[in-house]
Amino acid sequence: RMVGSRVSLAESAARDNATLIHEITHQMMNHWMGMLPTWYVEGSAEYVCMLEYNSNGRFSLIGLNRQLQNFTGGRGGGGKGFTMIDLEELMTIEFDRWAAALGEGGFANENYGSACLLTYYFYHVDDKGDAAHMIAWLREVENARSDEAVAAATKKHLLRDRSYAQLSEEVKKGLRKEGIDVSFFPPGKNGPVSSAK
């Protein structure tokens, strides 16, 4: 609907506008999307969907913990718990494997939910909780010219000498402080790399 000279989404049930918000987030990131890994492209769009959208046309971070619990509850986690995709699998998944999970019997809920929780972790929980490492990573990825450069930036800014197992433990501990009890599927939830090609 029009609000003065601006367009605003009509107030409705919490998830009614989610698809539109998700896709608009992709559109706003379009100039970066060629180099961003799939988990972040989808996780950041889900993160924005998770935020409360006010009638004044703004997203709110107020009550973010409640919004996080509502999000995990809507993804089958009951609001307090969620089983995430193995972090190495999640952070290295190719778009084709991600897309294959959207089919019948796939793991779309788990993939999208895991990507959102990991995005939330890097924004609000990792290290000092100020997203400094994520910002540094995005700046480096913006100038990356190859998948190898993105992988190097990920290792430098997001992993920071941690193994995926160590990062998983820190994600589990950090999200527990946020009120979400995280566990992880064993690797291979999305099938082997060769099966998606």
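Before reading on, note that the structure itself is shown above.
Residues numbered from 1 in each chain as written. Predicted model: local features only at pLDDT ≥ 70, side-chain atom pairs only at ≥ 80, totals over all residues. Heavy atoms only, no water.

Peer 1: Help me out: how do you make sense of the packing of helix 1 (residues 18–28) against helix 2 (residues 38–50) in this one?
Peer 2: A pair of packed helices is characterised by two quantities: the angle between their axes and the separation of those axes. For the pair helix 1 and helix 2, the least separation of the axes is 8 Å and the interaxial angle reads 135°. On the basis of their axis angle, the class for helix 1 and helix 2 is oblique. Considering how the two elements wind past one another, helix 1 and helix 2 form a crossing that is right-handed. The residues of helix 2 that touch helix 1, namely those facing Ala18, Ile21, His22, Thr25 and His26, are Val41, Glu42, Ser44, Ala45, Glu46, Val48 and Cys49. Among the residues making up the contact of helix 1 with helix 2, the classes are represented as six nonpolar, four polar and two charged. (Axes fitted to C-alpha atoms, helices over the stretch in contact; angles between N-to-C directions. Helix = DSSP H or I, 4+ residues; strand = E, 2+ residues; numbered from the N terminus. Parallel < 35°, antiparallel > 145°, perpendicular 65-115°, else oblique. Left-handed = near helix turned anticlockwise from the far one by under 90°. Contact = heavy atoms within 4.5 Å. Nonpolar A, V, L, I, M, F, W, Y, C, P; charged D, E, K, R; others polar.)

Peer 1: For this particular structure, what's the right way to read the packing of aromatic side chains?
Peer 2: Both the distance between ring centres and the angle between the ring planes are used here to describe each pair of aromatic rings. The final tally for this structure, using the stated rule, is nine aromatic pairs. Seen in terms of ring centroids, Trp39 and Trp137 are 5.9 Å apart; in terms of plane orientation they differ by 25°. Their pairing is stacked. Residue Trp39 is found in helix 2, and its partner Trp137 is found in helix 7 (residues 132–142); the two are separated by 98 residues along the sequence. The class for Trp39 is buried, based on a relative accessible area of 1%. Relative accessible area serves as the criterion here: at 0%, Trp137 is assigned to the buried category. Ring-pair connections join several aromatic residues into one group, and the members of that group are Trp39, Tyr40, Tyr47, Tyr121, Phe122, Tyr123 and Trp137. Above the plane of the ring of Phe185 lies Lys189, whose end atom (NZ or CZ) is 4.0 Å from the centre. (Phe/Tyr/Trp six-rings, centres within 6.5 Å; stacked < 30°, edge-to-face > 60°. Buried < 20%, exposed > 50% of the residue type's maximum accessible area, 1.4 Å probe, protein only. Lys NZ or Arg CZ within 6 Å of the ring centre and 35° of its normal.)

Peer 1: Help me understand unusual backbone geometry in this model?
Peer 2: As a rule of thumb, non-glycine residues mostly have phi less than zero, and peptide bonds are mostly trans rather than cis. In the Ramachandran plot, Arg160 falls in the positive-phi region, its phi being about 50° despite a non-glycine side chain. With respect to the helices and strands, the residue Arg160 is situated in the loop between helix 8 (147–159) and helix 9 (164–177). Its relative accessible area of 22% is what places Arg160 among the partly exposed residues. Phi is positive for Asp161, which is not a glycine, with a value near 65°. Mapping Asp161 onto the fold places it in the loop between helix 8 and helix 9.

Peer 1: Where do I start with the environment of Gly34 in this structure?
Peer 2: Within the secondary structure, Gly34 is located in the loop between helix 1 and helix 2. When the C-alpha positions of Gly34 and Asp147 are compared, they lie 9.8 Å apart, and in sequence the two are 113 residues distant.

Peer 1: Please explain a nonpolar patch on the surface as it appears in this structure.
Peer 2: A cluster of nonpolar residues, Leu20, Ile24 and Met28, forms a patch on the protein surface that exposes about 300 Å² of accessible area. Tracing the backbone through its elements, the reader meets Leu20 in helix 1. (Patch = residues over 30% accessible without salt bridge, like charges linked within 9 Å, V, L, I, M, F, W, Y side chains within 5 Å. Areas by Shrake-Rupley, 256 points an atom, 1.4 Å probe, with all protein chains shown as cover. Salt bridge = Lys/Arg side-chain N within 4 Å of Asp/Glu carboxyl O.)

Peer 1: How should the state of the cysteines be read in this particular structure?
Peer 2: By definition, a disulfide links the sulfur atoms of two cysteines through a covalent bond. Following the criterion strictly, the structure yields zero disulfides and no others. Of all cysteine sulfurs in the structure, the one in Cys116 sits closest to Cys49, which takes part in no disulfide; the separation is 8.4 Å. Residue class for Cys116 comes out buried when judged on its relative accessible area of 0%. (Disulfide = S-S within 2.5 Å.)

Peer 1: Would you take a moment to explain the packing of helix 7 against helix 8 for this structure?
Peer 2: Where helix 7 contacts helix 8, the two axes come as close as 9 Å, and the packing angle between them is 165°. The pairing of helix 7 with helix 8 is recorded here as roughly antiparallel in orientation. As helix 7 runs across helix 8, the sense of the crossing is right-handed. Facing His133, Met134, Ala136, Trp137, Glu140 and Val141 of helix 7, the residues of helix 8 in contact are Val150, Ala153, Thr154, Lys156, His157 and Leu158.

Peer 1: Would you mind going over the side chain of His157 with me for this structure?
Peer 2: Locating His157 in the fold gives a position in helix 8. In terms of polar contacts, His157 uses its side chain to reach the side chain of Glu140, at 2.7 Å. Contact partners of His157, with chain neighbours within four places excluded, come to His133, Ala136, Trp137 and Glu140. (Polar contact = N/O pair within 3.5 Å; in protein donor to acceptor, adjacent residues only side chain to side chain.)

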